[in-house]
Amino acid sequence: MSALPHTVASPPVVGPVPAQERIEAIDILRGVAILGILIVNMGLFSLPEDLPAHQLWPNMVDGTVEKLILFFAQEKFKTLFSFLFGLGLAVQMMRAEARGTRFLPLYLRRLSVLLLIAVAHFLLLWDGDILHTYVEGGFILLLFRRRSLKTLLVWAGIFLCIPLLFFGLTTCYSITRQVNPQVMNWISFKDPAEDQKTIEETRRIYSRGTYVEMIKFRARDLPGELLPGIDDTYILIGFLLGLYAGRRGIFHDVSAHLPFIRRVQGWGLMIGVAGNAAFAVGGSFDPSPTSVMQNVGAMCLLFAAPAMSFFYASTIILLTQGEAWRRRLAPLAAVGRMALSNYLLQSLICTTIFYSYGLALFGKVRPSLGLLLTIIICLIQIPLSVWWLRRFQFGPIEWLWRSLTYWQRQPMQVRRRQYVEGSG
């Protein structure tokens, strides 16, 4: 008997996920999230952050649009995107283990490169950047990557208690008008005079200032933006729940989890509608030293935003189980596959429209027109993403991110066979 030829095991292949290995439902959800985020961000692009639109346009149409955005969009798509970030961590861990590659060094490099992109986005384009917060949360999430499913849920509950305590205190103060001075400093309501000064400075710089002035203005705020805040707990909760879903294997075997997904859909709808109705009536995401309804509404949002997000997600997952709906939603998967490029493109388009170096419409676009503009941008990004991915493997910023992460220039041009296999 002849001896078997000696074979040498080849080293594990480290590289981006091939198109045919991607989970389409996740890409579709990511596409929905990145387009939905623009609904809320449009108001932040077009107005100073602390200036409510209803003060400029106190009419029924724009007031209704504001309420609808609060009800259907505020914090929902950010929560959904955070969930998908945590889910992505679980998926990448499982794939690394299957390939026999070391996960942690690669993921740390991914986060570090993303932080550089986030800082560049903040300084050069827009101070509403959310990516740096995701990076900070991503480092924290790594501490939970080996924890049990029960532990993930417990810590999600602990993080939920932080803003719950915060808004409980603001609600108590708005009712009694009595609060401990130390607690008052921690709550740190904004000084109205300082708030007005900031609004005026923001309006002047973005409507009439130079590009260099804008960079200096944003650079001044960057250190404070890198510090953790109450809003970050939303992101951490989404991260942990996404990691839970990924570790539980829900997206790898949707058919086996359909009863669970339907329960999430039902409870998400009930809690989401009730809580977001209270939030929309309150009319603001910010705490108030005087408005009980505003504080109660913001507290309801702590439960209502994740609930509505999971209602959206579960509904889309259920729709993708049918061939007809999967084909209809497929273009959104292209948006999701290049979500980072689309997010930065939204900033580039909107800052060009609103800032002085472009059309200089800062502070001049009412909410109803802003919503129309959002729809137009989304209708451009969907076919643009499909067109791009027919020709290239990655979005341009995704390509840069991967090339810097692996410290190797990634192939950009798509092979026709690969595209056909990956798009089915």
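How each quantity is defined
Residues numbered from 1 in each chain as written. Predicted model: local features only at pLDDT ≥ 70, side-chain atom pairs only at ≥ 80, totals over all residues. Heavy atoms only, no water. Helix = DSSP H or I, 4+ residues; strand = E, 2+ residues; numbered from the N terminus. Buried < 20%, exposed > 50% of the residue type's maximum accessible area, 1.4 Å probe, protein only. Contact = heavy atoms within 4.5 Å. Polar contact = N/O pair within 3.5 Å; in protein donor to acceptor, adjacent residues only side chain to side chain. Phe/Tyr/Trp six-rings, centres within 6.5 Å; stacked < 30°, edge-to-face > 60°. Lys NZ or Arg CZ within 6 Å of the ring centre and 35° of its normal. Expected span 1.5 Å × (residues − 1). Salt bridge = Lys/Arg side-chain N within 4 Å of Asp/Glu carboxyl O. pLDDT = per-residue confidence, 0-100. 1 Å grid on protein atoms, 1.4 Å probe; cavity = no way out; pocket = protein on both sides within 12 Å on 5 of 7 lines; lining within 4 Å. Points joined across faces, edges and corners; volume = space filled by probe spheres on them. Nonpolar A, V, L, I, M, F, W, Y, C, P; charged D, E, K, R; others polar. Axes fitted to C-alpha atoms, helices over the stretch in contact; angles between N-to-C directions. Left-handed = near helix turned anticlockwise from the far one by under 90°.

1. Observations regarding the overall build of the chain
1) Next: Summing up its helical and strand segments, the chain has 18 helices and 0 strands in all.
2) Next: Taking all 424 residues of the chain together, 49% fall into the buried category.
3) Next: Within the chain, contacts between residues separated by at least 24 positions form 79% of all contacts whose residues are at least 6 apart in sequence.

2. Structural notes on the side chain of Lys 78
1) Next: On the secondary structure map, Lys 78 appears in helix H4 (residues 76-99).
2) Next: Polar contacts involving the side chain of Lys 78 include one to the side chain of Glu 75, which spans 3.3 Å.
3) Next: Sequence-distant contacts of Lys 78, defined by excluding residues within four places in its chain, comprise Ile 37, Ile 130 and Tyr 134.

3. Some points on the packing of aromatic side chains
1) Next: Throughout the structure, instances matching the rule amount to 22 aromatic pairs.
2) Next: Both rings, one in Phe 77 and one in Tyr 312, keep their centres 5.5 Å apart while their planes meet at 15 degrees; by these two values the pair is stacked. Taken together, the residues span a long stretch of sequence, with Phe 77 in helix H4 and Tyr 312 in helix H13 (residues 292-319) at a distance of 235 residues.
3) Next: Centre to centre, the rings of Phe 85 and Tyr 134 are 5.6 Å apart; their planes meet at 90 degrees, and the pair counts as edge-to-face. Here Phe 85 is found in helix H4, whereas its partner Tyr 134 is found in helix H6 (residues 131-141), with 49 residues between them in sequence.
4) Next: Owing to a relative accessible area of 15%, Phe 85 belongs among the buried residues under this scheme.
5) Next: Given the relative accessible area of 3%, Tyr 134 is considered buried.
6) Next: Site record: aromatic cluster; members linked through ring pairs are Tyr 206, Tyr 211, Phe 217, Tyr 355, Tyr 357 and Phe 362.
7) Next: Directly above the ring of Trp 325 sits Arg 328, whose terminal nitrogen or CZ lies 4.9 Å from the centroid.

4. Here's the deal with H4
Since the α-helix turns once every 3.6 residues, residues separated by three or four places project in the same direction.
1) Next: Look at H4: 35 Å from first C-alpha to last across 24 residues, which is about the 34 Å you get at 1.5 Å a residue.
2) Next: Of all the 24 residues making up H4, 18 are buried; the element is thus mostly covered by neighbouring parts of the structure.
3) Next: Positive backbone phi, at 75 degrees, marks Gly 100, one or two positions downstream of H4.

5. Describing the pattern of salt bridges
If charged atoms from side chains of opposite charge come close, those side chains can pair.
1) Next: Counting across every chain of the model gives 9 salt bridges.
2) Next: A salt bridge links Lys 78 to Glu 75; the shortest N-O distance between them is 3.3 Å.
3) Next: Overall, Glu 75 belongs to the buried group, its relative accessible area being 6%.

6. Focus: unusual backbone geometry
1) Next: At Ala 360, a position not held by glycine, the phi torsion is positive, near 55 degrees.
2) Next: A positive phi angle, near 50 degrees, is found at Trp 407, a position not held by glycine.
3) Next: Residue placement: Trp 407 occurs in the loop between helix H17 (396-406) and helix H18 (416-422).
4) Next: On the accessibility criterion, Trp 407 (73% relative accessible area) is exposed.

7. What to know about the confidence of the model for the chain
1) Next: In this model, the chain carries an average pLDDT of 87, and 87% of its residues clear a pLDDT of 70 or more.
2) Next: Highest mean pLDDT in the chain belongs to helix H15 (residues 339-354) (98); lowest belongs to H18 (46).
3) Next: Below a pLDDT of 50 lies the segment residues 1-14, which in the model reaches 8 contacts outside its immediate sequence neighbourhood of four places, other chains included.
4) Next: With pLDDT under 50 throughout, residues 417-424 is counted as low confidence; its partners more than four residues away or in other chains account for 10 contacts.

8. A look at the layout of surface pockets
1) Next: By volume, the second largest pocket amounts to about 680 Å³.
2) Next: Along the walls of the second largest pocket sit 27 residues, with Leu 241, Phe 260, Val 264, Pro 306 and Phe 310 positioned nearest its centre.
3) Next: Those elements that provide at least two residues to the lining of the second largest pocket are helix H7 (149-176), helix H11 (232-248), helix H12 (258-282) and H13.
4) Next: Counted by class, the lining of the second largest pocket contains 22 nonpolar, 3 polar and 2 charged residues.

9. Digging into the packing of helix H3 (residues 60-72) against H12
1) Next: With their axes 8 Å apart at the nearest point, H3 and H12 run at an angle of 140 degrees to one another. In this structure, H3 crosses over H12, and the sense of that crossing is right-handed. For the pair H3 and H12, contact is made by Lys 67, Leu 70 and Phe 71 and by Val 273, Asn 276, Ala 277, Phe 279, Ala 280 and Val 281, respectively.
2) Next: The residue makeup of the contact of H3 with H12, split by class, is 7 nonpolar, 1 polar and 1 charged.

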